[in-house]
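Examining the three-dimensional arrangement
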Amino acid sequence: MMFPIVLLGSFAEVIKITFLTSSGYIATLFKVTEWLPFHSDLAWIMGVIYHCTIDMIALYGAFGAAHFTAKEYGKKTSIAGALGLVAFLIISYQPTGVGMPDFNHQLMSEGLLIALIVGYFCGRITVFLVDAKKEELFQMIKPASIVIVLASILNMLLGLIGKLEIPTYVAGFVMQHSQTNALFYVLGMGILTNLLSWMAIGGPFLNGPSFSDAPSLANMNAALKSGSAWNVPFKFTDTTLYHSFANFGGTGVILALIIAILIFSKRTDKRLVSKWSIFPAIFNNNYPMMLGLPILFNPIYLILFLIAPLVNMLLAALLLWLRWIPAAAYPVPLGTPGPLIAFIGTNGNWLTLIFGVFLIFVDVLIYIPFVKLADEITEEVGQSNEEI
C-alpha cells in the first residue's frame, strides 16, 4: 500500500536535495541553480511532496495497519483506519506556545514500527467492540473514546521522556576515548543503526554526514592546516567509516542488494521494484527498497543487512590503520552518491575510490546467496497458497 507513496517521495527528496539545492551534488557539479529557471519553485514543490509522503510515512502505516487488521475480521475497515490515524496524530501531537499544531518529527518520519503497533491495536479494538451486523453509527463512540484516551496517555508519557533530554554521546565518546575504543563504538553504533532501520526506527547514524560534529571539525581543521587528510586526529568516526564506506545506497548497503537482485533474481516483481529503486539508491535513499521488496521486518535479509556494512567498516578501518587510504576529512555536497563520499572527502584519493568499488563487489557477493534463498522461499509460499 505504501510503496507508491514512498517511491514518489524518494524521487522528490533526491531531486530537491541533489539537483535543486545549491549545495547538492548535481547542482554543484553542473551549476543547476544558476541556469535553471524557477529552480526554487521546483524545489518547493519537491519539498511539499517529500514532507507529505516520506516525512509522514508513519501516518499511512497507522491507517493501513488498523484498516487491514479490521478487514481480516470482516469489520468496518474505513472506521478502523480513521481510528488508527487519529490515535497516531494524538500520540505525535506537540502543543506550541502559539497554539498551532505541531507533531513529533521523529515519530512521523521514523516511527513506522510504532505506527504499525498503534494501528494494529486500533484495529483489534474496533473488531472487539463493533458488531458488523449492526449499522448504528453510535456504536463507534465507545471504541473511539477508548482509543483517544489511550493515545492521550501515551502522548503524555512521550512528553515526559522528551523532557529528560537524553543526549547523544557519539561525538564526545570518539574524542574522549582511545582510537581502539572509538572504533568499536562506531562499529556498534553502525550495527545498531542498521538494526533499527530494519525495524523502521531511526538510528544514531541515520542522517547523512554533516561534517559539523566535533571530531569531523577537528579532522577538517587538521587537513586544511597540513593540506592533507592523512594525519587527521580521529580516523575512526561515523563519517570516516559508516557514511564513507557502509552506506552505499542507504543503510544496509542497499545499492549492492539492488545489483544482486537485478543480476541473480528470477522474480519479476523483485526485479521491477529494484529497477524503480535504482535512482533514489544512487543518492543513498533506500526507502523504496525497504518497503517495496520488502526488507522491513524480513528475517531473510536481516543478517546481511547487518553483516555487509560491518564488513565494509572493518575493511575500511584496516586500511585506515595501515595508512593505505586517508580519512574523509573534507565536506561533501548533499546527496553525494555513497561510493563517492570517501573519494570527495579525501580530496580525490583514487585508491579510496577503487576501494569503494571493491567493497560494492564484495557486498554483492555477500547478498547473492540470500537473494536466491528469498526467491526459493517466495516460490514455496506461492505454491502453498495455491494448494490452500
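Check the entry above for the structure.
The following refers to the structure shown.

Scoring rules and cut-offs
- Residues numbered from 1 in each chain as written.
- Predicted model: local features only at pLDDT ≥ 70, side-chain atom pairs only at ≥ 80, totals over all residues.
- Heavy atoms only, no water.
- Helix = DSSP H or I, 4+ residues; strand = E, 2+ residues; numbered from the N terminus.
- Expected span 1.5 Å × (residues − 1).
- Buried < 20%, exposed > 50% of the residue type's maximum accessible area, 1.4 Å probe, protein only.
- Contact = heavy atoms within 4.5 Å.
- Core = buried A, V, L, I, M, F, W, Y, C linked by side-chain atoms within 4.5 Å.
- Domains from an automatic or database assignment.
- Polar contact = N/O pair within 3.5 Å; in protein donor to acceptor, adjacent residues only side chain to side chain.
- Axes fitted to C-alpha atoms, helices over the stretch in contact; angles between N-to-C directions.
- Left-handed = near helix turned anticlockwise from the far one by under 90°.
- Nonpolar A, V, L, I, M, F, W, Y, C, P; charged D, E, K, R; others polar.

**Thoughts on helix α1 (residues 3-19)**
In this model α1 runs 23 Å from its N-terminal to its C-terminal C-alpha over 17 residues, within 8% of the 24 Å that 1.5 Å per residue would give. For α1, every residue scored as buried is listed here: Phe3, Val6, Leu7, Gly9, Ser10, Ala12, Glu13, Val14 and Thr18. Taken together, the buried residues of α1 touch α2 (25-30), α4 (39-51), α5 (57-72), α15 (268-282) and α16 (287-292).

**Side note on the nonpolar core**
Leu241, Leu257, Met289, Ile295 and Tyr367 are the most contacted members of the largest nonpolar core, which totals 66 residues. Here the element with the most residues in this core is helix α17 (residues 299-321); it accounts for 12 residues. When we break this core down by domain, the ones giving at least three residues each are domain 1 (1-164) and domain 2 (167-387). Once residues lying within four places of it in the same chain are set aside, the contact partners of tyrosine 367 are Gly252, Val253, Ala256, Leu257, Ala260, Leu304, Phe305 and Ala308. Grouped together as the second largest cluster of nonpolar side chains are 19 residues, Ala58, Leu107, Ala115 and Val147 included.

**Points about the side chain of serine 244**
Following the sequence through the fold, serine 244 ends up in helix α13 (residues 238-245). Taking the relative accessible area as the measure of exposure, serine 244 reaches 1% and is therefore buried. A polar contact of 2.5 Å, which involves the side chain of serine 244, links it to the backbone oxygen of threonine 239. Here serine 244 is in contact with Thr239, Ala328, Gly338, Ile341 and Ala342, once residues within four sequence places are set aside.

**Quick look at the packing of α5 against helix α6 (residues 77-92)**
Each pair of packed helices can be described by the angle between their axes along with the distance between the axes. Relative to each other, α5 and α6 sit at 145°, their axes nearing to 7 Å. Both α5 and α6 take part in a crossing whose hand is right-handed. Along its contact with α5, which presents Ala58, Leu59, Ala62, Phe63, Ala66, His67, Ala70 and Lys71, the element α6 presents Thr77, Ser78, Ala80, Gly81, Ala82, Gly84, Leu85, Phe88 and Leu89. The residue inventory of the contact of α5 with α6, partitioned by class, reads 11 nonpolar, five polar and one charged.

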